[in-house]
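The primary structure of each chain is shown beneath.
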Amino acid sequence: MKRGEFLVGMLLACGSASATSAEPVETLSARVRAREAAFAKTMADRDHAAFATFVAEDAVFLGRGVLRGRRAVAEGWKPLFEGPKAPFSWQPDRVEVTASGTLAVSTGPVFDPDGKRTGTFNSTWRLDRDGEWRVVLDHGCPPCNCP
């Protein structure tokens, strides 16, 4: 089983105990895709304050270390917002939402400033009580040579 399939399976299992959303999964997926694109735009726009609003209060971001909580994630990512040019960009190419409509996974390529693919991101989104989708888990990895 591929890592992406496992992650989607885990999300679906986690969401199965919740009530089913009244909105179609396709509509929810489109919302999460738009949210991910807006999240990525904060990096392109060099808007660190906006970036933090996309991160859940209890988020965990895995990278060279582990960042726990919105404040730690925002502080850990702050140096990436310094300077006029973003050090990388990303875009979603796949979004899957649980039947409950409360969890989603987005994944896609990460690019360097010259447009060369340098990795893949994997973000788990949760629909928070205020109605906004926020990243609760995030992990990137080098690009794979998957078929």
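Along each chain, numbering runs from 1 in the same order as the chain's sequence is written. Thresholds applied to this predicted model are a pLDDT of at least 70 for local features of residues and 80 or more for the giving and counting of side-chain atom pairs; totals over whole chains, interfaces and linings are not thresholded and use all residues. Only hydrogens and water are set aside; all other atoms, that is, all heavy atoms of the structure, feed into the side-chain values.

**Student:** Just to check I follow, could you spell out the side chain of His48 for this structure?
**Tutor:** Structurally, His48 is set in helix H3 (residues 48-53). Excluding its chain neighbours within four sequence positions, the residues that come into contact with His48 are Ala74, Trp77, Lys78 and Phe81. What counts as a helix is a DSSP run of H or I of at least four residues, what counts as a strand is a run of E of at least two, and both are numbered from the N terminus. In this description, contact between two residues means that some pair of their heavy atoms is separated by no more than 4.5 Å.

**Student:** Help me understand the pairing of strand S1 (residues 55-62), please; the structure alone is not making it clear to me.
**Tutor:** Two faces belong to every sheet, and in a regular strand the side chains alternate between them. Pairing of S1 with strand S7 (residues 133-141), which is carried by four bridges, proceeds in the parallel orientation. Each residue of the ladder has a partner; that of Leu62, found in S7, is His139. Across three bridges, the pairing between S1 and strand S2 (residues 66-68) is antiparallel. By the bridge assignment, Val60 is partnered in S2 with Arg68. Between S1 and the antiparallel strand that follows it, S2, lie three residues. One bridge is not enough; two strands pair if DSSP finds at least two bridges between them.

**Student:** Explanation requested: helix H2 (residues 25-44) in the structure shown.
**Tutor:** How far a helix is expected to stretch is found by multiplying one less than its residue total by 1.5 Å. Between the first and last C-alpha of H2 there are 29 Å, a value that for 20 residues agrees with the 28 Å anticipated at 1.5 Å per step. Accessible area is worked out with a 1.4 Å probe on protein chains only. A residue is then buried under 20% of its type maximum, exposed over 50%, and partly exposed in between. Taken as a whole, H2 has its buried residues at Leu28, Ser29, Val32, Arg35, Glu36, Phe39, Ala40, Thr42 and Met43. All buried residues of H2 fall inside an arc of 145° around its axis, so they share one side. Exposed and facing more than 90 degrees away from the buried side of H2 are Glu26 and Ala44. Arg46 sits one or two residues past H2 and shows a positive phi near 65°. Arc definition: it is the arc formed by the directions from the helix axis to the C-beta atoms.

**Student:** I would appreciate a short explanation of the packing of aromatic side chains in the present structure.
**Tutor:** Only rings of Phe, Tyr and Trp enter the pairing, Trp through its six-membered ring, and a pair is recorded when the two centres are within 6.5 Å. The plane angle decides the type: under 30 degrees is stacked, over 60 is edge-to-face, the rest tilted. Per the counting criterion, the structure on display carries ten aromatic pairs. Where Phe61 meets Trp77, the ring centres are 5.9 Å apart and the plane angle is 90°; that geometry is what we call edge-to-face. Here the residue Phe61 occupies a position in strand S1, and Trp77 occupies one in helix H4 (residues 70-77), the gap between them amounting to 16 residues. Among the residues examined, Phe61 registers a relative accessible area of 3% and is labelled buried.

All quantities given are derived from atomic positions and should not be read as evidence of function.
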